[in-house]
Amino acid sequence: MITQIVTLVGVLIGALTSFLATTMAERARYQRAMTTRWDERKLDTYIEYASCVKEISSTAKRARQAEAGTETHAEYFAAMEAAELRRSVLFETLVLLASPAAIKAAHEVNLVLWQEEIATRHNNGTPVQGDLVALMNDYHERARIDLGIPRSPWQQ
């Protein structure tokens, strides 16, 4: 009788151990899947935001170079406005997903970009205060750190 009880206790301990191990493995797999999913979403948002900033800056520059009142000028202006609306939505997504350092870097980019847009709206051909390229480089660096992407040897 005692051997049967010992055997039954051994089976119960084995079943409990198997259940706990499987549960922990599934939980870890789920955590990895969720982390990967959000990292992919973050990467997409970082890329889309940077592309939109470049589009706005490039279009604003072309609008300032086009002759005011022409159809070309109006087209560039409309494209700049549409891109600004996309950038605004992308920035809100960035605020939800990104690290505080990356959000701060994107905000600094926004400030210089808004100056550039104001200069375009007022048909002011003077250069914009602030270095958009340096700010974008800082944004890229913060995004890399947030995503855990190591720097390559040529970037150091």
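The preceding data block contains the structure.
Read on for an overview of the structure. Note that the structure is a prediction, hence the values are computed from the model and not measured.

So, how was this worked out
- Residues numbered from 1 in each chain as written.
- Predicted model: local features only at pLDDT ≥ 70, side-chain atom pairs only at ≥ 80, totals over all residues.
- Heavy atoms only, no water.
- Helix = DSSP H or I, 4+ residues; strand = E, 2+ residues; numbered from the N terminus.
- Areas by Shrake-Rupley, 256 points an atom, 1.4 Å probe, with all protein chains shown as cover.
- Lys, Arg positive; Asp, Glu negative; His and termini not counted.
- Charge placed at Lys NZ, Arg CZ, Asp CG, Glu CD.
- Core = buried A, V, L, I, M, F, W, Y, C linked by side-chain atoms within 4.5 Å.
- Buried < 20%, exposed > 50% of the residue type's maximum accessible area, 1.4 Å probe, protein only.
- Contact = heavy atoms within 4.5 Å.
- Expected span 1.5 Å × (residues − 1).
- Polar contact = N/O pair within 3.5 Å; in protein donor to acceptor, adjacent residues only side chain to side chain.

Regarding its fold elements, the chain presents 4 helices and 0 strands. Walking the chain from its N terminus toward its C terminus, one meets helices and strands in the order α-α-α-α. Each of the three principal axes of the chain carries a C-alpha extent, and together these read 100 × 35 × 20 Å. Carbon and sulfur atoms form 63% of the exposed surface of the chain, whose accessible area is close to 10500 Å². Separation between the mean location of the 17 positive side-chain charges and that of the 19 negative ones in the chain comes to 7 Å.

Attention now goes to the nonpolar core. Membership of the largest hydrophobic core comes to 25 residues, with the highest contact counts inside it found for Tyr-46, Tyr-49, Leu-94 and Tyr-139. Elements with a minimum of two residues in this core: helix H1 (2-65), helix H2 (71-97), helix H3 (100-121) and helix H4 (132-147). Setting aside residues up to four positions removed in sequence, Leu-94 forms contacts with Thr-45, Tyr-46, Tyr-49, Ile-103, Ala-106 and Tyr-139.

So, on to H4. In a regular helix each residue adds 1.5 Å, so 16 residues correspond to 22 Å; H4 covers 22 Å between its end C-alpha atoms and thus fits that length. Here H4 starts with a cap whose side-chain oxygen sits 3.3 Å from the backbone nitrogen of Val-133, and that cap is Asp-131.

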